[in-house]
Amino acid sequence: MDPEEKLLKEIQGEDHAQYPAWRWFVLLAFAMNCGGNSFMFMDFTTVPDLTKQVFGYCPFEGDCIQTNSDSGDSFVGWTYSASLLAVLPAAFPVFMYLDKKNWITSGVGMFCNFLGGWLRYASVEQARNGNYAHARTVALTSSIFIGFAAAVIICSYSAIPSRWFPESERTLATTFAVQSNYAGWCVGCILFPYVVV
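Residues numbered from 1 in each chain as written. Predicted model: local features only at pLDDT ≥ 70, side-chain atom pairs only at ≥ 80, totals over all residues. Heavy atoms only, no water.

Bringing the packing of helix 2 (residues 23-42) against helix 7 (residues 132-156) into the picture now. Contact geometry for helix 2 and helix 7: axes closest at 10 Å, N-to-C directions at 135°. Judged by the angle between their axes, helix 2 and helix 7 are oblique. Remark: the crossing between helix 2 and helix 7 carries left-handed chirality. Of the residues in helix 7, those touching helix 2 at Phe 30, Asn 33, Cys 34, Asn 37, Met 40 and Phe 41 are Ile 146, Ala 149, Ala 150, Ile 153 and Ser 156. The residue inventory of the contact of helix 2 with helix 7, partitioned by class, reads eight nonpolar, three polar and no charged. (Axes fitted to C-alpha atoms, helices over the stretch in contact; angles between N-to-C directions. Helix = DSSP H or I, 4+ residues; strand = E, 2+ residues; numbered from the N terminus. Parallel < 35°, antiparallel > 145°, perpendicular 65-115°, else oblique. Left-handed = near helix turned anticlockwise from the far one by under 90°. Contact = heavy atoms within 4.5 Å. Nonpolar A, V, L, I, M, F, W, Y, C, P; charged D, E, K, R; others polar.)

The following block contains the structure:
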């Protein structure tokens, strides 16, 4: 028997009973969290003129386009960049605790995503009420929490499959986890231009 056949027989003979049946729900929860995180990375940047209008940089519809103003471009850029910059410092504690305290670390990541999403909503509500300065601060704060959540997500792409899935299912589980990221980005990039423009 060649080594490849031997390996295949070992994989097929894995004891799937040692892995819980609800491992697929763990993966689904992770994928939804990951997709939502990627979606929020894109929500304020996909249609920048609308974001500038919402946050008071272009008070009248179409004003940003007509004046070709750069006013608010920095703010729109920071709603994305603040998330990216928050990933790096958050990644170090995630590296240290993801294996040791997996449930807590994953829970904190999901909570940061949850908090980032609600802060996004709160920032738009503040802007709608005319409190633009406060709304912009809340929007940037939401970006930081979204970045913290992204640090946990990035470190978990291979951790979830290796922890929860037998070897024969790890490729599928890893693929599903990673593709959920791209699905979130895709929905964020496609949905906003077609819904709001």
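Turning to the confidence of the model for the chain, a few remarks are in order. Of the residues in the chain, 85% reach a pLDDT of 70 or more, and the chain-wide mean stands at 87. Averaged pLDDT values for the elements of the chain fall to 49 in helix 1 (residues 3-12) and rise to 96 in helix 7. (pLDDT = per-residue confidence, 0-100.)

What follows covers a nonpolar patch on the surface. Nonpolar side chains collect at one region of the surface, where Trp 22, Phe 25, Leu 28, Met 32, Trp 103 and Phe 176 lie side by side and expose about 750 Å² of accessible area between them. Looking at the nonpolar patch element by element, the count peaks at three residues for helix 2. Locating Phe 176 in the fold gives a position in helix 9 (residues 170-196). Of the residues examined, Phe 176 reaches a relative accessible area of 41% and is grouped as partly exposed. (Patch = residues over 30% accessible without salt bridge, like charges linked within 9 Å, V, L, I, M, F, W, Y side chains within 5 Å. Areas by Shrake-Rupley, 256 points an atom, 1.4 Å probe, with all protein chains shown as cover. Salt bridge = Lys/Arg side-chain N within 4 Å of Asp/Glu carboxyl O. Buried < 20%, exposed > 50% of the residue type's maximum accessible area, 1.4 Å probe, protein only.)

This part is about the side chain of Asn 102. Within the secondary structure, Asn 102 sits in helix 6 (residues 102-128). Within the local environment of Asn 102, its side chain forms a polar contact with the backbone oxygen of Leu 98, the two atoms lying 3.1 Å apart. In this structure, Asn 102 is in contact with Tyr 97 and Arg 163, ignoring residues within four places of it in sequence. (Polar contact = N/O pair within 3.5 Å; in protein donor to acceptor, adjacent residues only side chain to side chain.)

Given two aromatic rings, their pairing is described by the distance between the two centres and the angle made by the two planes. Scanning the entire structure with this criterion turns up 15 aromatic pairs. Ring plane angle 25° and centroid distance 5.8 Å describe the contact between Phe 41 and Trp 185, whose orientation is recorded as stacked. Taken together, the residues Phe 41 in helix 2 and Trp 185 in helix 9 connect sequence positions 144 residues apart. Overall, the relative accessible area of 24% leaves Trp 185 in the partly exposed class. One aromatic cluster is present, formed by Phe 44, Phe 55, Tyr 57 and Phe 75 through successive ring pairs. Taking NZ or CZ as reference, Arg 136 lies 3.9 Å from the ring centre of Tyr 57, over its face. (Phe/Tyr/Trp six-rings, centres within 6.5 Å; stacked < 30°, edge-to-face > 60°. Lys NZ or Arg CZ within 6 Å of the ring centre and 35° of its normal.)

A separate point is the nonpolar core. In this structure, Val 94, Leu 98 and Ala 151 are the most contacted members of the largest nonpolar core, which totals 13 residues. Those elements that place two or more of their residues in this core are helix 2, helix 5 (73-97) and helix 7. Examining the composition of this core, we find that five residues originate from one element, helix 7, more than from any other. (Core = buried A, V, L, I, M, F, W, Y, C linked by side-chain atoms within 4.5 Å.)

All told, the structure shown has six salt bridges when counted by the stated rule. Between Arg 23 and Glu 169 there is a salt bridge, with the nearest N and O atoms lying 2.9 Å from each other. Residue Arg 23 is located in helix 2, and its partner Glu 169 is located in the loop between helix 8 (159-164) and helix 9; the two are separated by 146 residues in the primary sequence. Among the residues examined, Arg 23 registers a relative accessible area of 8% and is labelled buried. Taking the relative accessible area as the measure of exposure, Glu 169 reaches 15% and is therefore buried. Residue Lys 52 is joined to Asp 49 by a salt bridge in which the shortest nitrogen-to-oxygen separation is 3.5 Å. In this pair, Lys 52 and Asp 49 are both assigned in helix 3 (residues 48-54), three residues apart and thus about one turn of the helix distant. Several salt bridges converge on common partners, so that one network encompasses Asp 49, Lys 52 and Asp 73.

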